[in-house]
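One letter stands for each residue in the lines below.
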Amino acid sequence: YMKHLIKSGKLLTILLLALMAAMPACKKDDEFFDLEDPQGIDSDIWNDEGAVGLFLNRTYALVIPQWPAIGGIHNTSDETNNINTAFLYGTLNENSVTDIGTSNGITANRYFDIRRCNIAIEGLNNSNSIAEASKNVLKGQFFFMRAFTYFKLVSLYGGVPLILQSQSLSDELNVPRAKTSECIAAIANDLDSAAAYLPGVWSGSDIGRVTRGAALAVKGKVLMYWASPQFNPTNISSRWEDAYQANKAAYDQCVTDGYILIANYANIFTTEDHREILLVRKYNTSRDLGTNIENVTRPFSESTAGGGSNQPTWNLVQAYGMKDGLPTSHASSGYNSTMFWQNRDPRFAATIAYNGVAWPLSGKATRKQWTYTGVLDETAGTINTGFYC
């Protein structure tokens, strides 16, 4: 038994000596944790246009919002019934803000999206194998995605940490909030870069990607927010002028690129790829881009499961003007608060289903929609506002 232990000990010693001799050939102690690819992405991707395209497609899927919004915290409005009311009633706490780090899921933390864009822009800048024209079009889309993500954050929270380069573990990761003005400037700059690189139109399977018109239009919207009372309580007039100029530039570019209003407003969601669309999320049931939103938005009586979501509120009903273009509050508008649906903007009839309205849904030519209390066609739990969309 003793001889066996001695022989085993000798064998163990030999194995340890062999392992120690091999270790210097691997890495020194101070190099052991120096990863060749600290970003977690093979740097060769930026020399392969097809690989960058796949990375970009996934970025679209993460950034372009689902309808009506990606993530519950962004579904905040006084115009629909099934919304996140935490903002409206002041009941947020620090763990409610999942956009900025309380969650590490790739679909929840918006800084994952920003990091994807930062890495891509830097990788393409350093690429030597992709043609310059192709690199620019790819970069333009990443500039747009980064700006769009930051705009979603700033519109909710004001100034946020502004990170425009990819970070590594050796960087200072505790980045403070930037001023809202700095964030707005960075967003506008990214959208200008996107517009400079993007085409006016796409064709074939690329239809649905962002265009220069979309980039300029979002810039106009960003500057409208910046000029609005939300961010401009003292009504600085120069912000309104900047917003006007940005929206005029967007309008002129879109006209040049062939954007037009769809002839029948009621068909805006049922006609594919029409020329009024500026920004769209294309759905495909063969990938992870499907949706059941249309089904759950229908009345309970006409859905396969659920129904009754996204109901317009009285606030939205009141927002529509009259057929002659006057607001309902104008003395000459002819608005009747009892027969509120009469003589309204045609877009009202195309959007708002009220009690007793003729609505030939599901191929039923004479169908009417009823939303009064106790109606048997719908369930009590699905009639919240008295209206359907």
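Quick caveat, the model's predicted, so the values are computed rather than measured.

### Points about the overall build of the protein chain
Within the protein chain, the regular secondary structure consists of eleven helices and two strands. Start at the N end of the protein chain and walk to the C end: the helices and strands fall as α-α-α-α-α-α-α-α-α-α-α-β-β. Within the span of the protein chain, comprising 389 residues, buried residues form 38% of the whole. Counting only contacts in the protein chain whose residues sit at least 6 apart along the sequence, the fraction spanning at least 24 positions is 57%. Accessible surface, the protein chain as shown: approximately 22800 Å² in total, 56% of it carbon and sulfur.

### Some remarks on the packing of aromatic side chains
Applying the stated criterion across every chain yields a total of 16 aromatic pairs. Grouping aromatic residues by their ring pairs yields a cluster made of W314, Y320, F340, W341, F348, Y354 and F387. The lysine or arginine in question, R116, covers the ring of F55, its NZ or CZ lying 4.1 Å from the ring centre. Over the face of the ring belonging to W226 we find R239, whose NZ or CZ atom lies 3.6 Å from the ring centre.

### Re helix α6 (residues 180-197)
Think of an α-helix as turning once every 3.6 residues; residues three or four places apart then point the same way. Between its terminal C-alpha atoms α6 stretches 26 Å, which fits the 26 Å expected from 18 residues at 1.5 Å a residue. Considered for burial, the residues of α6 that qualify are T180, C183, I184, A186, I187, A188, D190, L191, S193, A194 and A195. Buried-residue contacts for α6 involve α5 (132-157) and α7 (212-227).

### Points about the side chain of D257
As for its position among the elements, D257 is in the loop between α8 (237-256) and α9 (293-297). In terms of polar contacts, D257 uses its side chain to reach the side chain of R212, at 2.7 Å.

### Quick notes on the confidence of the model for the protein chain
Taken as a whole, the protein chain shows an average pLDDT of 85; of its residues, 84% reach a score of 70 or greater. Taken as a whole, residues 1-8 scores under 50 in pLDDT and shows zero contacts with residues more than four places along the chain or in a different chain. Here residues 22-38 scores under 50 on pLDDT; set against residues more than four positions off or in separate chains, the count is four contacts.

### Topic: a negative patch on the surface
A surface patch of like charges, here negative, comprises D42, D44, D48 and E49. Within the fold, E49 resides in helix α2 (residues 49-63).

### Quick look at the packing of α6 against α7
Viewed as axis vectors pointing N to C, α6 and α7 meet at an angle of 165°, and their least axial separation amounts to 8 Å. Our classification of the angle between α6 and α7 gives roughly antiparallel. When the axes of α6 and α7 are compared, the crossing they make is left-handed. The segment α6 lies against α7, with T180, S181, I184, I187, A188, L191, D192, A194 and A195 engaging R212, A215, L216, V218, K219, V222, L223 and W226. Its residues placed into classes, the contact of α6 with α7 shows twelve nonpolar, two polar and three charged.

### Notes on unusual backbone geometry
With a phi angle near 60°, N343 is a residue other than glycine that sits in the positive phi range. Assignment of secondary structure puts N343 in the loop between α10 (314-319) and α11 (346-351). A positive phi angle is found at S362, which is not glycine, with a value near 60°. Counting through the fold element by element, S362 comes out in the loop between β1 (357-358) and β2 (368-369). According to the relative accessible area criterion, S362 is partly exposed, its value standing at 41%.

### Notes on the pattern of salt bridges
Between side chains of opposite charge, a pair can form as their charged atoms come close. Scanning the model with the defined rule gives twelve salt bridges in all. With a closest N to O distance of 3.6 Å, E132 and K135 form a salt bridge. Taken as a pair, E132 and K135 lie in helix α5 at a separation of three residues, close to a single helical turn. By relative accessible area, K135 is classed as buried at 6%. Between D345 and R347 there is a salt bridge; the shortest N-O distance is 2.7 Å. A single network of salt bridges, built from pairs that share partners, joins E272, D273 and K282.

### Here we look at the environment of L62
Relative to the helices and strands, L62 resides in helix α2. A C-alpha to C-alpha distance of 9.0 Å links L62 and R110, two positions 48 residues apart in sequence.

### A closer look at the nonpolar core
By size, the foremost hydrophobic cluster in this structure holds 52 residues, and its most contacted members are W46, F142 and F144. When residues of this core are traced back to their parent elements, those giving at least two are α2, α4 (110-125), α5, α6, α7 and α8. With near-sequence residues (within four places) excluded, F144 lies in contact with I64, L191, A194, V210, A214, A215, V218 and L279. Listed in part, the 13 residues of the second largest apolar core include L316, I352, A353 and L361.

### Quick word on the packing of α5 against α6
When two helices pack together, their arrangement is given by the angle between the helix axes and the distance between those axes. Their axes nearest at 8 Å, the elements α5 and α6 cross at an angle of 155°. Looking at the two axes, α5 sits roughly antiparallel to α6. For the pair α5 and α6, the crossing hand works out as left-handed. Along its contact with α5, which presents N136, V137, K139, G140, F143, F144, R146, A147, Y150, F151 and V154, the element α6 presents T180, C183, I184, I187, D190, L191, S193, A194 and Y197. Split into classes, the residues belonging to the contact of α5 with α6 amount to 13 nonpolar, four polar and three charged.

The rules behind each value
Residues numbered from 1 in each chain as written. Predicted model: local features only at pLDDT ≥ 70, side-chain atom pairs only at ≥ 80, totals over all residues. Heavy atoms only, no water. Helix = DSSP H or I, 4+ residues; strand = E, 2+ residues; numbered from the N terminus. Buried < 20%, exposed > 50% of the residue type's maximum accessible area, 1.4 Å probe, protein only. Contact = heavy atoms within 4.5 Å. Areas by Shrake-Rupley, 256 points an atom, 1.4 Å probe, with all protein chains shown as cover. Phe/Tyr/Trp six-rings, centres within 6.5 Å; stacked < 30°, edge-to-face > 60°. Lys NZ or Arg CZ within 6 Å of the ring centre and 35° of its normal. Expected span 1.5 Å × (residues − 1). Polar contact = N/O pair within 3.5 Å; in protein donor to acceptor, adjacent residues only side chain to side chain. pLDDT = per-residue confidence, 0-100. Patch = residues over 30% accessible without salt bridge, like charges linked within 9 Å, V, L, I, M, F, W, Y side chains within 5 Å. Salt bridge = Lys/Arg side-chain N within 4 Å of Asp/Glu carboxyl O. Lys, Arg positive; Asp, Glu negative; His and termini not counted. Charge placed at Lys NZ, Arg CZ, Asp CG, Glu CD. Axes fitted to C-alpha atoms, helices over the stretch in contact; angles between N-to-C directions. Parallel < 35°, antiparallel > 145°, perpendicular 65-115°, else oblique. Left-handed = near helix turned anticlockwise from the far one by under 90°. Nonpolar A, V, L, I, M, F, W, Y, C, P; charged D, E, K, R; others polar. Core = buried A, V, L, I, M, F, W, Y, C linked by side-chain atoms within 4.5 Å.

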